[in-house]
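Read off the chains here:
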Protein chains: 2
Amino acid sequence: MAHPVADMPNPEHIEHDSMLSRSPAELHYATYQDVESLVPADLYDKSEEEVLRSYHSGNVLPLLVFLGLDESRAEALRYKSYAGAPYFALDITPKGGLAQKAQKIIDAMEAKGLSFQNTRTITSLSPGDAAIYAQSRAIVDWNIRNAFCGTCGHPTISIHAGTKRACPPTDLGLVENGASAGAARPPCHTRTTISNLSFPRTDPTIIVAVLSHDSNRILLGRQKRWPPNWYSTLAGFIEPGESVEDAVRREVWEESGVTLSRVLIHSTQPWPYPANLMIGAIAQVAKPENEKISLVHDPELEDARWFETAEVEEAMRVGTSALGSEPGPEYKQGGLRLPPKTAIAYQLISAVVKGEYLGAPHESKI
Amino acid sequence: MAHPVADMPNPEHIEHDSMLSRSPAELHYATYQDVESLVPADLYDKSEEEVLRSYHSGNVLPLLVFLGLDESRAEALRYKSYAGAPYFALDITPKGGLAQKAQKIIDAMEAKGLSFQNTRTITSLSPGDAAIYAQSRAIVDWNIRNAFCGTCGHPTISIHAGTKRACPPTDLGLVENGASAGAARPPCHTRTTISNLSFPRTDPTIIVAVLSHDSNRILLGRQKRWPPNWYSTLAGFIEPGESVEDAVRREVWEESGVTLSRVLIHSTQPWPYPANLMIGAIAQVAKPENEKISLVHDPELEDARWFETAEVEEAMRVGTSALGSEPGPEYKQGGLRLPPKTAIAYQLISAVVKGEYLGAPHESKI
């Protein structure tokens, strides 16, 4: 079984994902002065213990995430052994008790010519900005999805500068409301042990380029919603208790019926929609009888097919593009289309064509 | 920053983790007859839509997880294109409305000579049984930790044979209790989009064996709670928006101060306590000045140190053991101790010593 595949943005599954920016090709960095009305200067002053002890369900605090330091600007801030300009992500969605303040910030930003850009612009950003946006989006989104404790159902609060959520044992708001149990909330397992639920979630997925037993063909698949002739590598979520290697074998079998022999992990790419980590592999089939395509196990793919290496190489040259874009001028109608160079899918196809790890195609290795 | 390290079982963090078995070296497989009183024969008969529509907060159903088919026993069951003996995991923790039935099953099992075995026995199991137990434990544990919806705080229910949790839009129990809103529960984001919270969580971690610039030394670290002279590879959780390669570089720098050059992913191992996936890497430092040890960034390790390859090779021969066990008879007091061969940590150290990917030690490659 597979959840929706992770290698390409899928508009139905994208949430909490716009950023205030002047154009899709750049991030706009606001200053503290720009958001001062929403962010108290002492927001991070309390220790975890103090924050938990003083939890009051009637108080609403903004979600501010510390991202890290730009060490090339060492003069900006010095703290212990660290020096650099600190970066933060702030959720300015107008909601609850902070709606008015957040809206005012948005209005002021829009008056400066900024507007909300769609998250897909991540591929138009510079690598540095894309990394900062990916980290921001992943952590803010995780906080929003986990406003309540999965184990006991009560509200959680953001601590550790946005990178942890805790389930407070007491609520000073309960005292004011005259609850008989005083300030105590019901017991929760996440408070007495270290629970993974308290920390950001990352969903590991596999994505794999598969070479035929004779090294002459590459296995690619396509989803129905993709444009005609557009194919990509197979992909899917890793299941509980699986190794990456086993997940690659299972997904390829489920989606295409093909049984793999060698599986090697090649490289990885985070994809923060909402929290995927794509682990790229290259793999090979050992025997011709293991190459038979079957789509009966999983309705995910509309088609899976072996393509001659030469056809794939030609498509890498003329037929690559992002999902919503057109291929280059040399592309001939009806020819194979592939993901862009920035996608790990392309990099894996390229690795297989070049013979990385598995040896060069056109020479049988098995 | 790093959450508790993942490569070794840590008793403080282990939960929901005992199994009924005759000895720590084997799993006991109960039959449907053994658990019939707890598991209605029609438990899986309804579609996801029907289960959601008929949700009644007053009804308590047992958590039964479908694990897969043993295809070597094709005669057991045939369904569509599948044939084999189905395996399930059942949570028999005595709790709530099912406590009495569950306790009766436990009593009957114990009367047969079975008892609850500690989860650490996973390393004593055969590889096949260990894989089945790891999958069972991971999925049961995830269900237990996520009894409530992280996004809206209301109870979730198990669907898809234990591999998905859904937040029902209605509760027939509300009608009986005379709620004015009829059967409707408050709106929740997880119902209108595909949310990762509905699917099992796996926490990807990195674990890495690091070779010095001259290929003559290996970087290892130790935690305070480990026995004297016991060292292992460095490890830590992958953070949001990070690639595996970047996480390796960050963790090694945080825990040891060492700055890496090449990072290659070697192999992976699931570690279901509660849901870790260890992604093993091997790496190398490019320049002597990047090898300086510093422990100031992270209090996780008590020590990190470069060991000569010869000393590591000797420890691989005489000094390996599980954390709670003693090394072999040839081990000399005060010598380096290492994790056992079954741990991915050992496999990575072995890969570096053998020169896999990075080239053989004792010859400078940079």
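Just so it is clear, the structure is predicted and the values come from calculations on it, not from any experiment.

Rules used in this analysis
- Residues numbered from 1 in each chain as written.
- Chains lettered and ligands numbered in written order.
- Predicted model: local features only at pLDDT ≥ 70, side-chain atom pairs only at ≥ 80, totals over all residues.
- Heavy atoms only, no water.
- Least-squares fit on C-alpha atoms with pLDDT ≥ 70 in both.
- Contact = heavy atoms within 4.5 Å.
- pLDDT = per-residue confidence, 0-100.
- Patch = residues over 30% accessible without salt bridge, like charges linked within 9 Å, V, L, I, M, F, W, Y side chains within 5 Å.
- Areas by Shrake-Rupley, 256 points an atom, 1.4 Å probe, with all protein chains shown as cover.
- Salt bridge = Lys/Arg side-chain N within 4 Å of Asp/Glu carboxyl O.
- Helix = DSSP H or I, 4+ residues; strand = E, 2+ residues; numbered from the N terminus.
- Buried < 20%, exposed > 50% of the residue type's maximum accessible area, 1.4 Å probe, protein only.
- Core = buried A, V, L, I, M, F, W, Y, C linked by side-chain atoms within 4.5 Å.

**Q** Would you take a moment to explain the relation of the copies chain B and chain A for this structure?
**A** Each of the two chain copies can be generated from the other by rotation about an axis followed by a shift along it. Mapping chain B onto chain A calls for a rotation angle of 180 degrees and an axial translation of 0.0 Å; the resulting RMSD is 0.0 Å. Both copies are brought into coincidence by an operation consistent with a two-fold rotation axis. Here 100% of the contact residues of chain B are again contact residues in chain A; the copies associate through an equivalent surface.

**Q** Sorry, what's going on with the confidence of the model for chain A here?
**A** For chain A, per-residue confidence averages 89 on the pLDDT scale, and 90% of positions sit at 70 or higher. A low-confidence stretch, residues 1-16 of chain A stays under pLDDT 50, and its non-local contacts, those more than four residues away or across chains, total 60 contacts.

**Q** Where do I start with a nonpolar patch on the surface in this structure?
**A** Together, Y44, F66, L69, L77, Y79 and F88 of chain B make up a nonpolar patch on the protein surface, roughly 540 Å² of accessible area in all. Within the secondary structure layout, F88 of chain B lies in strand β5 (residues 85-90).

**Q** So what exactly am I meant to see when it comes to the pattern of salt bridges here?
**A** For side chains of opposite charge, pairing can occur when their charged atoms come near one another. Applying the stated criterion across every chain yields a total of 34 salt bridges over all chains. Measuring nitrogen to oxygen at the nearest pair gives 3.9 Å for the salt bridge that ties R137 of chain A to D141 of chain A. With a gap of four residues between them, R137 of chain A and D141 of chain A both fall in helix α4 (residues 127-145), about one helical turn apart. By relative accessible area, D141 of chain A is classed as buried at 2%. Of the charged contacts in the structure, one is a salt bridge between R53 of chain B and E49 of chain B, with a shortest N-O distance of 3.5 Å. Residue R53 of chain B and its partner E49 of chain B are located together in helix α2 (residues 48-53), separated by four residues, close to a single helical turn. By relative accessible area, R53 of chain B is classed as exposed at 51%. Here the salt bridges do not stand alone but share partners, grouping E239, E242, R250, E251 and E254 of chain A into one network.

**Q** Just to check I follow, could you spell out the nonpolar core for this structure?
**A** Here is a general trend for soluble globular proteins: nonpolar side chains tend to be buried in one another's company. Residues V208, V210 and L260 of chain A together with V208, V210 and L260 of chain B are the most contacted members of the largest nonpolar core, which totals 44 residues. If we ignore the near neighbours within four places in the chain, the residues touching V208 of chain A are T233, L234, V248, V252, A281, I282, A283 and L348 of chain A.

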